[in-house]
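Observations on chain architecture
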Amino acid sequence: MINIAILASGNGTNAQQISEYFAGSDKVCVKCIIYNRKDAYVAERAKNLGIPAHYFSRKDFYENGSVMQYLKEQQIDWVILAGFLWLVPEDMLAAYPDHIINIHPALLPNYGGKGMYGHHVHEAVIANHEKESGITIHIVDNRYDCGTTLFQAKCTLTDEDTPDTLAEKIHLLEKAYFPMVIEKTVLG
Ligand code: GAR
């Protein structure tokens, strides 16, 4: 069994979709969901899904090694960032070389980098009158939204689109592709 941990910061629709996708799998197991905002709705979703969820603070993540210790105890093989907004620390990158996957709601290298997440991305894309946007799934390195691209999918935009309607299109792409790309990647 390949064990994955999901890291999330907010609503958790991706975390839920990934968990549901692998629920009956005999190859991939979502062992835990880790979140870094006490009021993140993803905690509620994890409870409903029956998946252990743990809150970790910035200190746990960057200073005292608690998150790394937990991942080790849980025998985690792959780490999935699903709407997780902090930079991954060096000790985690070293423990999981090329085994951390992120999803970004735009066609990287455009609209990436610090501060470019969620709605901020969609607002910038709409403000620039882009004709298309999409999702990028990539391996994580020590920079925001860089690292080898595993997969991209596009959606088209019209003049009527708003950040909200774009967000809906992006969520549909995430639902359609993220769990499948994770599966293909972790199973090699
Ligand atoms: C998703 O759209 C994800 O692509 C994005 O945050 C959203 C989280 O939604 N991630 C980033 O912007 C990372 N830079 P969710 O919590 O409902 O899965």
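Here the structure is shown first, and the text comes after it.
Below, the structure is looked at part by part. Owing to the predicted nature of the structure, the values given are computational and were not obtained by experimental measurement.

1. Concerning the pairing of strand S6 (residues 132-139)
- Most of S6 is tucked away: seven of the eight residues are buried.
- Pairing analysis gives four bridges linking strand S5 (residues 100-104) to S6, with the strands arranged antiparallel. Paired with Asn-102 across the strands is His-138, a residue of S6.

2. Describing the side chain of His-138
- When you line up the elements, His-138 lands in strand S6.
- Judged by its relative accessible area of 2%, His-138 falls in the buried class.
- At 2.6 Å, the side chain of His-138 forms a polar contact with the backbone oxygen of Cys-146.
- Discounting chain neighbours no more than four positions away, the residues touching His-138 are Ile-100, Ile-101, Asn-102, Leu-108, Asp-145, Cys-146, Gly-147, Thr-148, Thr-149 and Leu-150.

3. Thoughts on the side chain of His-104
- Within the secondary structure layout, His-104 lies in strand S5.
- Judged by relative accessible area, which is 2%, His-104 ranks as buried.
- Engagement of the side chain of His-104 in a polar contact is seen with the side chain of Asp-145, the distance being 3.3 Å.
- Leaving out residues up to four positions away in the same chain, His-104 has contacts with Tyr-111, Gly-112, Met-116, Val-121, Gly-134, Ile-135, Thr-136 and Asp-145.

4. A few points about the site of the ligand
- Around the ligand, the structure places 14 residues, and the nearest of them are Gly-12, Thr-13, Asn-14, Gly-118 and Glu-174.
- Contact between the ligand and Asn-11: an oxygen atom at 3.5 Å from a main-chain N or O atom of the residue.
- At 2.5 Å, a side-chain N or O of Thr-13 approaches an oxygen atom of the ligand.
- Of the pockets mapped on this structure, the ligand occupies the largest pocket.
- Counting residues per element, the ones that place at least two in the shell around the ligand are helix H1 (13-21), S5 and helix H7 (163-186).
- Along the lines of polarity and charge, the residues of the shell around the ligand split into four nonpolar, eight polar and two charged.

5. Digging into the layout of surface pockets
- The computed volume of the largest pocket comes to approximately 820 Å³.
- Looking at the largest pocket, it is lined by 40 residues, and the ones nearest its centre are Gly-83, Phe-84, Leu-85, Tyr-117 and Gly-118.
- A total of four residues in the lining of the largest pocket trace back to one element, the largest contributor, which is H7.
- Looking at the lining of the largest pocket, its residues break down into 17 nonpolar, 16 polar and seven charged.

Reading guide: rules and limits
- Residues numbered from 1 in each chain as written.
- Predicted model: local features only at pLDDT ≥ 70, side-chain atom pairs only at ≥ 80, totals over all residues.
- Heavy atoms only, no water.
- Buried < 20%, exposed > 50% of the residue type's maximum accessible area, 1.4 Å probe, protein only.
- Helix = DSSP H or I, 4+ residues; strand = E, 2+ residues; numbered from the N terminus.
- Pairing = 2+ DSSP bridges.
- Polar contact = N/O pair within 3.5 Å; in protein donor to acceptor, adjacent residues only side chain to side chain.
- Contact = heavy atoms within 4.5 Å.
- Near = heavy atom within 4 Å.
- 1 Å grid on protein atoms, 1.4 Å probe; cavity = no way out; pocket = protein on both sides within 12 Å on 5 of 7 lines; lining within 4 Å.
- Sits in = over half its atoms within 2 Å of the grid points.
- Nonpolar A, V, L, I, M, F, W, Y, C, P; charged D, E, K, R; others polar.
- Points joined across faces, edges and corners; volume = space filled by probe spheres on them.

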